[in-house]
Structures are given as structure tokens and as C-alpha cells.
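Survey of secondary and tertiary structure
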Protein chains: 2
Amino acid sequence: MLPQSRRELILRTLRADGPSEVRSLADKLGVSQATIRRDLEQLDADGKLTRVYGGAMTLEADEVDDPFAQVAAERADDKDAAARTAAAMVQDGETVLLDIGTTMHRLAHHLHGKRITVVTSNLAVFDELRDDVDIELVLLGGVVRRRYHSLVGFLTEDNLRQVHAGRLFLGTSGVRGDGAVMDTTLVEVPLKRAMIKAADQVVLVADGGKFPGVGVARVCGPDDLDVVVTTASADPATRLALQEAGVDVVQA
Amino acid sequence: MLPQSRRELILRTLRADGPSEVRSLADKLGVSQATIRRDLEQLDADGKLTRVYGGAMTLEADEVDDPFAQVAAERADDKDAAARTAAAMVQDGETVLLDIGTTMHRLAHHLHGKRITVVTSNLAVFDELRDDVDIELVLLGGVVRRRYHSLVGFLTEDNLRQVHAGRLFLGTSGVRGDGAVMDTTLVEVPLKRAMIKAADQVVLVADGGKFPGVGVARVCGPDDLDVVVTTASADPATRLALQEAGVDVVQA
DNA sequence: AAGAGTTTGCTCAACTCTGCTCGACTTTGG
DNA sequence: CCAAAGTCGAGCAGAGTTGAGCAAACTCTT
């Protein structure tokens, strides 16, 4: 068995069975606990899982299939930097709409302490903010998608037609060279479009590793974006394409 | 069990079941009280819960549903019996709509293992069922009311107009002598009415202590009910009034 | 076929977690 | 107001976990 395969198997096991101990993983995969520890250490550094005393837990089932996984180590910090910068834009009294995905969860983490209204169908955001009494929290209806920690479906779209937010923070699987925002999860595309319609200002939060990036479906073009928050590693050409389309590109 | 998993389980337990004692948590999780104390200490330091003498509670004040809250504690067995009987009516494949309130949370607890679709705006029900992969869970949108563990507002009503369920399980603060269903929380009344419209069959679940009972607002009359699940202590006169209105009164 | 570089399993000291005990403190019920 | 019961936090020892170092096995290149 290849080390890389073993690591993917570890991630799959975590996603299927939840938190696992070092011992059980070692037994299951037929290697020593020392090897598992090294695997977990690396996967944690890559931001693929959360290392805890005695084992590991899943983080999210977000970008596991990400072809840019090699640079993910730097990108964990990158992602958080982008999320923090985006969160800093939010002023007390605002109403913000938060997309699905781990980036938005990190962003929500940096919203603590603000007196704002947050609208979302992201269950990770909901869990993060549900006990923060300073934040008015509005959850969009929908079918619970456990793997993606989100609510989706026509109920969500329906709710989105009834709400309005000053600012939308949008996530993505990648931004194409021409500035188009892409996504890999088809069911989310109509939701993202509905969110764009429901907000005055659209802020795309995407660490540099997503420039240029791919995805199955096109969510929107650069014309629909007002601001893009990214990091230093973003591809200059894509960046230029966005700026030429009139998008304000902010570097975290 | 990983220490970290245990801590998350503690938080989830608190959200689902309300304030817990150190002893009951220790029993439930199979560890010593000393360990629970250390967990609570850490979670309190992290701002995840509020430590109180003898146990812990969620950050927000406890769910004081109605003036009957104290009585509810004493009537726990009664309430649970009614909830269990009501849950037993549900067959695999059904779609059920669950009202707000602690009774519905107990009912949800007895739904584990069934392959059904549950629609609700009750966050305690959501917490109870969110990890049960056999259950398709649909959450109605709305504003998070932390004190009541629920989602309310026009988004909820809007979603309710779009969904349909075979059966609605309805809670109440009390049933009047003439069979009218009452409620103390005004904001929930339009929701309950919308739920009644969205379901083929309306099942009121109310332990005997709510017969006869009061409330500020009238939710619906006995004509809107199909079945009432209650317990032995229910007032016979109110019971008769219901039966005369054609309601099937089931005793748990 | 040999060498460089990586991966793996083992050992060991440091650390963390857990359950226990004990004295101090808080709550409860007279 | 007092005493009994329960709860708390500190300290301790044992069990388990961790990361570092090291040698053997393996892979890839030359």
C-alpha cells in the first residue's frame, strides 16, 4: 500500500466512522502506531483533519478532492488569513449572508464580538454562532446534508427570495482564468446564484490556491462580484482579469 | 472514546437535554465525575458552556417555554409516555412535521431507528436527529430563538407553505374545556396554524396535566385535530368535548 | 548494482489524561 | 443558625500518548 493511499484511507475512515483513535487506525491499516502518528501529523498540517489527543477527527468534507493538495499546508494559514481579512470588513449593525463551505466557517469564527445579523444555510456557521447572543442568527430552511454541513434545496432558495443582506460572502472551489467563479457541487449552484441576487455587495473569499482553479459548474462571472479577498499566492493573470472587470481585489 | 469527542458530546447533550448534572454526565459517558469536572472546566474556559454548581448549562438561559415549565419537570414521566406513544404511530417511509417545544424533542428521541423524513423548526429536534443517517431531516428556515431552541418568523411560515407532511405532531401549553388548543407564545401561533395546513393528519401530543389548560392565544379548535395523545390524568370533561368533536383520543 | 533519499518500526523520556483521595466549600433542610 | 449531604479543586499515581532519535527496509535514480 502506498503511503498516499493510506492517508486517503485515513481521511475516508474518519469521514465514514467519525473520530478515530491511533490504535484502531493502526490495526485497521496494518501499520504501526508510529506511522499513523506521522500520517496524522502531516494531514493535520495540510488542514485535512484535526489532530486530537489520542487520535483525530474530521474537519470538513470540503476540499478533499482538491487537486492542489500539495500546497495545502500553506493554504491552511492562507485560508484563515483571507477569512480574517474578510471578517474585518463587517461593521456592527450589518446584515451578512454566508455561503456554504469551510472558508465561511472560518470567517464566522472571526465574527464573534460583532453585533450583526448573520443569514446562512451553513450548519458549521450555525454551530459556531448559535451561542453568541450578540449575533442575530437567521437560518435558511432546507434539507440537511450531513456530509457538507449545510442545508440545501428549494426551501433554501425560497427563503433566499425573501431575505436581503447588505453583504454576501461567497466561497468557491476555484476561479477560472477569465474571472468566472466555479463550483464542484452542482446542487449548490442555484443557491449561490440566489444568494448573489439577495445581496447588495458580493464578496468572494478565496485563498490564492484557488487562482486559477476549476470546477464543474460556472456560478457567475466577474461582473457579479464587487470585491475579492485573496492572498499573495493568487495567480496574477486571473487577478488582472478580475480587476479589468471592475472588481476590487483585496489581498489579505 | 476520544477526550475531544467526549467534550463535543457534552455540549450536544446540554443543547438537546438542557442543564445536566456532573453525575448524570459521568454515568452517560462512562467516565468518572472528576473527568467530567475537568471537561466542564475547560469548556467553560473556552466559553462553550456555563459552569454552575452541580453541573453545567448552555450559555443561554434555559428554555423556559411557558409558565408550566416547573410543572413540566415533575410531569416528565407523563410527558415521555405520551411522546413515546405518539412516536410509535410513525411508520417507515412517513413524512412527519414536528412542532416546537420539549414534548416534541422527547418524541424525536423515540424516532431513532425509523427510516422517515422529519420536518421541523425545533432546534432541539434538530440536535437530536442530526447524526441519525436513517432520518432525512428538513429544517425550516427562520430567526434563531435561542431561549426557545427554535426557528420562527416569516421565513418559517414561507417554508411551511411549500412543504407537506402526512402527519403533524403538535404541542400545546394547554387544551381548554371546549377542546380549543391554546398557546402562550404569540409568535408561534401563526406557525402552528401554518403547520396544521401543511399536514394531512394533526396529532396533538399533550400530557394529562394540560387538560384543561390555558394560554393567551387560541391556536385552533377541536375540529382541526384528528388525534390527541394524552395520559390518564387528563380531565374527563375536556376529553369528552374532544371526542364529541370527532377527535380520536388515545391514552398513553 | 550501488548510492541517495525516503519510509517504517522500535525504543525511550516527557507529557497528558484519568480515577482516586482528601480537606474546603456550597447547598439544603431542619 | 446549624448540621448533614453534596460538590469542588488540588494533589498523586498509574495508564496511555506523544515526539524524537535511530537503524533496517524500501524506492528511485544513476
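Here's what I pulled together on the structure shown here. This structure is a prediction, so every number in the text was calculated from the model and none was measured.

On to the overall build of chain A, then. A tally of helices and strands in chain A yields 9 helices and 15 strands. Here the C-alpha atoms of chain A give a radius of gyration of 19 Å, agreeing with the 18 Å that 2.2 N^0.38 yields for 252 residues. Considered along the principal axes of its C-alpha atoms, chain A spans approximately 55 × 40 × 30 Å. Here chain A holds 252 residues, and the buried ones make up 54% of them. Sequence-distant contacts, at least 24 apart, represent 57% of the contacts inside chain A between residues at least 6 apart. Accessible surface, chain A as shown: approximately 10700 Å² in total, 49% of it carbon and sulfur.

Contacts between chain B and chain A engage 37 residues on the former and 36 residues on the latter. In this assembly, chain B packs against chain A so that about 2800 Å² is buried in total across both faces, 55% of it on carbon and sulfur atoms. The interface formed by chain B and chain A holds 2 salt bridges in total. The tally of links from chain B across to chain A stands at 17 residue pairs in polar contact (both at pLDDT 80 or more). Listing elements by their share of the side of chain B that touches chain A, those giving two or more residues are α1 (3–17), α7 (123–129), β6 (136–139), β7 (142–145) and α8 (154–162) of chain B. In terms of residue class, the side of chain B that touches chain A is made up of 19 nonpolar, 7 polar and 11 charged.

Let us look at the sheet that holds strand β13 (residues 217–220) of chain A. Residue and element names in this part refer to chain A. Within the open sheet, the 3 strands sit side by side as β10-β11-β13. Their pairing is antiparallel. In this open sheet, the two edge strands, each paired with only one partner strand, are β10 (174–175) and β13. Of the pairings in the sheet, the one linking β10 to strand β11 (residues 181–183) comprises 2 bridges and is antiparallel in character. Looking at the pairing, G174 lines up with M182 of β11. The strands touched by helix α8 (residues 189–197) are β11 and β13; relative to β13, the strand with the most contacts, the crossing angle is about 10 degrees.

All names here are of chain A. Taken together, the 4 bridges between strand β4 (residues 95–98) and strand β5 (residues 117–120) define a ladder with parallel strand orientation. Along β5, the bridge assignment pairs V96 with V118. For the crossover from β4 across helix α5 (residues 102–109) to β5, the handedness is right-handed. Bridging between β4 and strand β9 (residues 165–170) involves 3 bridges; their strand directions are parallel. Across the sheet, residue L98 finds its bridge partner in β9, namely F169.

On to the protein's contact with DNA strand C. Taken together, 16 residues surround DNA strand C, and among them R6, T35 and R38 of chain A together with T35 and R38 of chain B come closest. Among the atoms of DNA strand C lying within 4 Å of the protein, the sugar-phosphate backbone contributes 61%. Here a base oxygen of DNA strand C and a side-chain polar atom of Y53 of chain A are 3.3 Å apart. Within the contact set of DNA strand C, a phosphate oxygen lies 2.6 Å away from a side-chain nitrogen or oxygen of R6 of chain B. If you list the elements that add at least two residues to the surface near DNA strand C, you get α1 (3–17) and α3 (33–45) of chain A together with α1 and α3 (33–45) of chain B. Taken together, the residues of the surface near DNA strand C break down into 8 nonpolar, 4 polar and 4 charged.

A word on the protein's contact with DNA strand D. The full set close to DNA strand D counts 15 residues, and R37 and Y53 of chain A together with R37, Y53 and G54 of chain B are the nearest of them. In the model, a phosphate oxygen of DNA strand D is placed 2.8 Å from a nitrogen or oxygen of the R37 of chain A side chain. At the level of elements, β2 (49–52) of chain A together with α3 and β2 (50–52) of chain B are the ones that each hand at least two residues to the surface near DNA strand D. Tallied by class, the residues present in the surface near DNA strand D amount to 6 nonpolar, 4 polar and 5 charged.

Okay, the environment of L40 of chain A next. Residue and element names in this part refer to chain A. The residue L40 is located in helix α3 in this model. Taking the C-alpha atoms as reference points, L40 and M57, 17 residues apart in sequence, are found 9.9 Å from one another. The contact partners of L40, leaving out residues within four places of it in the chain, are I10, V22, L25, L49, R51, G55 and A56.

All names here are of chain B. Locating T13 in the fold gives a position in helix α1. Engagement of the side chain of T13 in a polar contact is seen with the backbone oxygen of L9, the distance being 2.7 Å. Not counting the four nearest positions on each side in its chain, T13 is found in contact with G18, S20, L25 and K28.

All names here are of chain A. Relative to the helices and strands, T230 is located in strand β14 (residues 227–230). Residue class for T230 comes out buried when judged on its relative accessible area of 0%. Engagement of the side chain of T230 in a polar contact is seen with the backbone oxygen of A206, the distance being 2.8 Å. The residues contacting T230, other than those within four sequence positions of it, are A206, D207, G208, F211, V249, V250, Q251 and A252.

If the charged atoms of two oppositely charged side chains come close together, the side chains can form a pair. Under the definition given, this model contains 23 salt bridges over all chains. For the salt bridge of D39 of chain A with R6 of chain A, the shortest nitrogen-to-oxygen distance reads 2.6 Å. Of this pair, D39 of chain A sits in helix α3 while R6 of chain A sits in helix α1; the two residues are 33 residues apart in sequence, bridging distant segments of the chain. In this structure, D158 of chain B engages R161 of chain B in a salt bridge whose closest nitrogen and oxygen atoms are separated by 3.1 Å.

Time to look at the sheet that holds strand β10 (residues 174–175) of chain B. Residues and elements named next belong to chain B. Strand order in the open sheet formed by 3 strands is β10-β11-β13, with antiparallel pairing between adjacent strands. Each end of this open sheet is capped by a strand with a single partner; those strands are β10 and β13 (217–220). Pairing between strand β11 (residues 181–183) and β13: 3 bridges, direction antiparallel. Following the sheet pairing, D183 is matched in β13 by A217. Its contacts with the sheet put helix α9 (residues 189–197) on β11 and β13, and the angle it makes with β13 is roughly 10 degrees.

Reading the values: rules and limits
- Residues numbered from 1 in each chain as written.
- Chains lettered and ligands numbered in written order.
- Predicted model: local features only at pLDDT ≥ 70, side-chain atom pairs only at ≥ 80, totals over all residues.
- Heavy atoms only, no water.
- Helix = DSSP H or I, 4+ residues; strand = E, 2+ residues; numbered from the N terminus.
- Rg over C-alpha atoms; globule rule 2.2 N^0.38 Å.
- Buried < 20%, exposed > 50% of the residue type's maximum accessible area, 1.4 Å probe, protein only.
- Contact = heavy atoms within 4.5 Å.
- Areas by Shrake-Rupley, 256 points an atom, 1.4 Å probe, with all protein chains shown as cover.
- Buried area = accessible area lost by both parts, 1.4 Å probe.
- Salt bridge = Lys/Arg side-chain N within 4 Å of Asp/Glu carboxyl O.
- Polar contact = N/O pair within 3.5 Å; in protein donor to acceptor, adjacent residues only side chain to side chain.
- Nonpolar A, V, L, I, M, F, W, Y, C, P; charged D, E, K, R; others polar.
- Pairing = 2+ DSSP bridges.
- Axes fitted to C-alpha atoms, helices over the stretch in contact; angles between N-to-C directions.
- Right-handed = clockwise from strand over helix to strand, strands pointing away.
- Near = heavy atom within 4 Å.

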